[in-house]
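# Coordinate inspection notes
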There are 2 protein chains.
Amino acid sequence: MTFAAPMSSKEARQMIRNNEWVKPTAGVANGYTQANLVVLPKELAFEFLLFCQRNPKPCPVLDVTESGSWEPSMVAPGADLRVDLPKYRVYRNGELTEERTDIIDLWDKDMVGFLLGCSFTFEHALVNNGIPVRHIQENCNVPMYKTNIPCVKAGRFEGPMVVSMRPIPHKDVVRAVQVTSRFPSVHGAPIHIGDPKLIGIHDIYKPDFGDPVTIREGETPVFWACGVTPQAVAMEVKPDIMITHAPGHMFITDLRDEQLGVL
Amino acid sequence: MTFAAPMSSKEARQMIRNNEWVKPTAGVANGYTQANLVVLPKELAFEFLLFCQRNPKPCPVLDVTESGSWEPSMVAPGADLRVDLPKYRVYRNGELTEERTDIIDLWDKDMVGFLLGCSFTFEHALVNNGIPVRHIQENCNVPMYKTNIPCVKAGRFEGPMVVSMRPIPHKDVVRAVQVTSRFPSVHGAPIHIGDPKLIGIHDIYKPDFGDPVTIREGETPVFWACGVTPQAVAMEVKPDIMITHAPGHMFITDLRDEQLGVL
């Protein structure tokens, strides 16, 4: 019996850089931490970093590039944020204008790249603890909702928190809190357990983003802060230009998920 | 038997604002989290915040003001960083030029205030866990040392990490790691246990800052990242102006220490 050697983060990025993988990255280079990308002009960088600092649950910062540099030197030395994601979205004045597979010609000396933790990491931890993740079972996107919970304002950045929801069996809810609390740099502990109305969600089967999932008898909806929040908030500022990853087409870092555990 | 009502953080700040307490703040408004202050011009704010982001153990950010505002709205709404610390130090071009009890006339519209976690919080946790803290027992300053561990550079900010040392009985070392790991926003887990030479400290009885303390038979020196690091690093950049708290004369926030525990 033989096993294929698992792909490393560097091999995965090379494959993506060569345009040999223009698909969602879930399951690619398994065990390596994947990240959300937000690219903004330097003029907005301090206020956006401050927004992340003040709202660490929806905006957990993994790395920030020096102004003009495309290298995330903390989490993937040698990588190039202009080409190492499979698909990008370009927003101008808050409107999606195009999708592309590289952003070389858009990255001028004033661009700053932000990598934010994503829920894949804590979902692996849940699964490894025997707690099922419904949207993985149902092979669809996680359901996401705008809430009535305001983020803490920073400069021009403000808006409501977006959350993702996973139905958890009653007996596993406490363990789910413990397991995800270990990973504050990828959204961490839930922000709400139970009644969706208490956080301004009126129909759990009509998410604002992603797909609805089944909530079975004996399960409680559990809500985590979601990485869509900073994108939604940044969009409201209508920057001349903002670039993000396309949904599901993440950046693969050299960090291993388990390294992000606080204890 | 009667107890005096313990002083609240707001009462303590009012007393300090009125210049009725121009002394170190250790033990004042016990249980409330105290913080280091660094004030820098906006031109340096993004790079300094990035430096803190990249070096969270020596530079754990508790709050950052909006550019020009003196209100730390996250940790002490209504407070005024220009008058609510008992003593300030003013540095010009990297040189200490004066100490004062307020900085009202120095805080122009370009100033940004950073509040960073301080070791008082985890020391309370150690003491509450029955682990003695030597410099408290010996009624002196904690010993601090420059190490050979480089901080991660951000823009113009770079330099070695400064650490503080507490001798811990062998039997308590594991518990000391656990207890302080709960508090990442106030330096968190140690960065080194044991032989000082391994981190570039050649004489444990000659600290670079603070006072030497006794290391008894059966004790191990344990080293934590220290909040002096960002000040030392910022000084090297020689900003036109930088303002900090005077040593031991901290800002008292409305946070309770226990609220900073991650689990």
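These figures come from a predicted structure and were not determined experimentally. (Residues numbered from 1 in each chain as written. Chains lettered and ligands numbered in written order. Predicted model: local features only at pLDDT ≥ 70, side-chain atom pairs only at ≥ 80, totals over all residues. Heavy atoms only, no water.)

### Concerning the pairing of strand E3 (residues 88-92) of chain B
When a strand is regular, its side chains alternate between the sheet's two faces. Residue and element names in this part refer to chain B. Where we set the bar: At least two DSSP bridges between two strands are needed for those strands to be called paired. Only DSSP runs of H or I reaching four residues or more are called helices, and only runs of E reaching two or more are called strands; each is numbered from the N terminus.
As defined by bridge partners, E3 adjoins strand E4 (residues 95-100) across five bridges and the pair is classed as antiparallel. Within the sheet, the bridge partner assigned to valine 90 lies in E4 and is glutamate 98. Hairpin connection of E3 to E4: two residues between the antiparallel strands, including asparagine 93 at a positive phi of 50 degrees. Pairing of E3 with strand E10 (residues 242-245) involves four bridges; the strand directions are antiparallel. Across the sheet, valine 90 pairs through a bridge with isoleucine 243, a residue of E10.

### Some thoughts on the packing of aromatic side chains
Residue and element names in this part refer to chain A. For clarity, the cut-off: When the centres of two rings from Phe, Tyr and Trp lie within 6.5 Å, Trp using its six-membered ring, the rings pair. Their planes under 30 degrees apart give stacked, over 60 give edge-to-face, and anything left gives tilted. Exposure classes here rest on a 1.4 Å probe applied to the protein chains alone. A residue is buried below 20% of its type maximum, exposed above 50%, and partly exposed in between. Distance and angle both matter: a charge sits over a ring if NZ of Lys or CZ of Arg is within 6 Å of the ring centre and within 35 degrees of the ring normal.
On inspection of all chains with the given rule, the structure shows ten aromatic pairs over all chains. Ring centres 4.8 Å apart and planes at 80 degrees place the aromatic pair phenylalanine 48 and phenylalanine 114 in the edge-to-face group. Linking phenylalanine 48 in helix H2 (residues 42-54) with phenylalanine 114 in strand E5 (residues 111-117), this pair joins segments that are 66 residues apart in sequence. Given a relative accessible area of 0%, phenylalanine 114 falls into the buried group. By the ring-pair criterion, three or more aromatic residues cluster together here, those being Phe48, Phe51, Phe114 and Phe157. For the cation-ring pair, arginine 82 lies above tryptophan 70, with the distance from its terminal atom to the ring centre recorded as 3.4 Å.

### Some details on the interface of chain A and chain B
Note the cut-off: Contacts were defined at the residue level, with two residues in contact if any of their heavy atoms lie within 4.5 Å. When two parts are put together, the accessible area they lose, computed with a 1.4 Å probe and summed over both, is reported as buried area. For this document, the term salt bridge refers to a Lys or Arg side-chain nitrogen within 4 Å of an Asp or Glu carboxyl oxygen. N or O atoms closer than or at 3.5 Å make up a polar contact, with two conditions inside protein: a donor-capable atom paired with an acceptor-capable one, and, for residues adjacent in sequence, both atoms drawn from side chains. Polar here means any residue other than Ala, Val, Leu, Ile, Met, Phe, Trp, Tyr, Cys and Pro, which are nonpolar, and Asp, Glu, Lys and Arg, which are charged; Gly is therefore polar.
At the interface, 21 residues of chain A touch 21 residues of chain B. Interface of chain A and chain B: buried area, both sides summed, is about 1,900 Å²; carbon and sulfur atoms make up 63% of it. Applying the counting rule to chain A against chain B returns two salt bridges. Note that arginine 54 of chain A is salt-bridged to glutamate 66 of chain B, the shortest N-O span being 2.7 Å. On inspection of chain A and its partner chain B, the count reaches eight residue pairs in polar contact (both at pLDDT 80 or more). For the side of chain A that touches chain B, the secondary structure elements donating two or more residues are H2 and strand E2 (61-64) of chain A. When grouped by side-chain class, the residues that make up the side of chain A that touches chain B number twelve nonpolar, four polar and five charged.

### Quick look at helix H3 (residues 120-128) of chain A
Residues and elements named next belong to chain A. Taken as a whole, H3 has its buried residues at Thr121, Phe122, Glu123, Ala125 and Leu126. Buried positions along H3 lie against strand E1 (32-41), helix H4 (134-137), strand E7 (160-169), helix H5 (173-181) and strand E9 (219-225). Of the residues trailing H3, glycine 130 is marked for its positive phi of about 75 degrees.

### Digging into the relation of the copies chain A and chain B
Stated formally: A least-squares fit on C-alpha atoms brings the copies together, and the residues used are those whose pLDDT is at least 70 in both copies.
With an axial shift of 0.0 Å and an RMSD of 0.0 Å, the rotation relating chain A to chain B amounts to 180 degrees. In the structure described here, the two chain copies are related by an operation that fits a two-fold rotation axis. For chain A, the residue whose C-alpha comes nearest the rotation axis is phenylalanine 46 of chain A, separated from it by 2.3 Å. Mapped onto chain B, 100% of the interface residues of chain A are again interface residues, and the two copies thus contact each other with one and the same surface.

### Some points on the sheet that holds strand E6 (residues 144-150) of chain A
Residue and element names in this part refer to chain A. One open sheet holds the four strands; their spatial order is E6-E7-E9-E8, and the pairing between them is antiparallel. Since the sheet does not close on itself, it has two edges, and those belong to E6 and strand E8 (192-193), each with one partner. Inspection of the sheet shows E6 paired to E7 by four bridges, in the antiparallel sense. If you follow lysine 146 over to E7, its bridge partner there is valine 162.

### What about the domain arrangement of chain A?
All names here are of chain A. So the rule is basically this: Boundaries between domains were set according to an automatic or database domain assignment.
Assigned domains within chain A: domain 1 (33-119 + 230-260) and domain 2 (128-229). The centre of domain 1, based on its C-alpha atoms, is set 22 Å off from the matching centre of domain 2. Approximately 2,300 Å² of surface area, both sides summed, lies buried where domain 1 meets domain 2, with 59% of it carried by carbon and sulfur atoms. For the pair domain 1 and domain 2, the number of links is three salt bridges. In this structure, glutamate 47 engages arginine 156 in a salt bridge whose closest nitrogen and oxygen atoms are separated by 2.9 Å. Connecting domain 1 to domain 2 are 15 residue pairs in polar contact (both at pLDDT 80 or more). Ranked by the residues each element gives to the side of domain 1 that touches domain 2, the list is headed by H2, at seven residues. Broken down by class, the residue content of the side of domain 1 that touches domain 2 amounts to 16 nonpolar, five polar and six charged.

### A closer look at the pattern of salt bridges
Pairs may arise between side chains of opposite charge once their charged atoms sit close together. Residue and element names in this part refer to chain A. Inspection of every chain in the model, using the stated rule, returns 34 salt bridges over all chains. Here aspartate 172 makes a salt bridge to lysine 171, at a shortest N to O gap of 3.0 Å. The network of salt bridges with common partners includes Arg92, Glu98, Arg100 and Asp105.

### Thoughts on the environment of serine 69 of chain A
Residues and elements named next belong to chain A. Structurally, the position occupied by serine 69 is in the loop between E2 and strand E3 (88-92). Note on serine 69: relative accessible area 24%, which makes it partly exposed. Counting along the chain gives 43 residues from serine 69 to valine 112, while the straight-line C-alpha distance between them is 7.2 Å. Residue contacts for serine 69: discarding those within four places in its chain leaves Trp107 and Met111.

### Quick notes on unusual backbone geometry
Residue and element names in this part refer to chain B. Even without being glycine, asparagine 19 reaches a positive phi, approximately 60 degrees. If you trace the backbone, asparagine 19 turns up in the loop between helix H1 (9-17) and strand E1 (32-41). Owing to a relative accessible area of 43%, asparagine 19 belongs among the partly exposed residues under this scheme. At histidine 187, a position not held by glycine, the phi torsion is positive, near 90 degrees. Mapped onto the secondary structure, histidine 187 falls in the loop between helix H5 (173-181) and strand E8 (192-193). Taking the relative accessible area as the measure of exposure, histidine 187 reaches 2% and is therefore buried.

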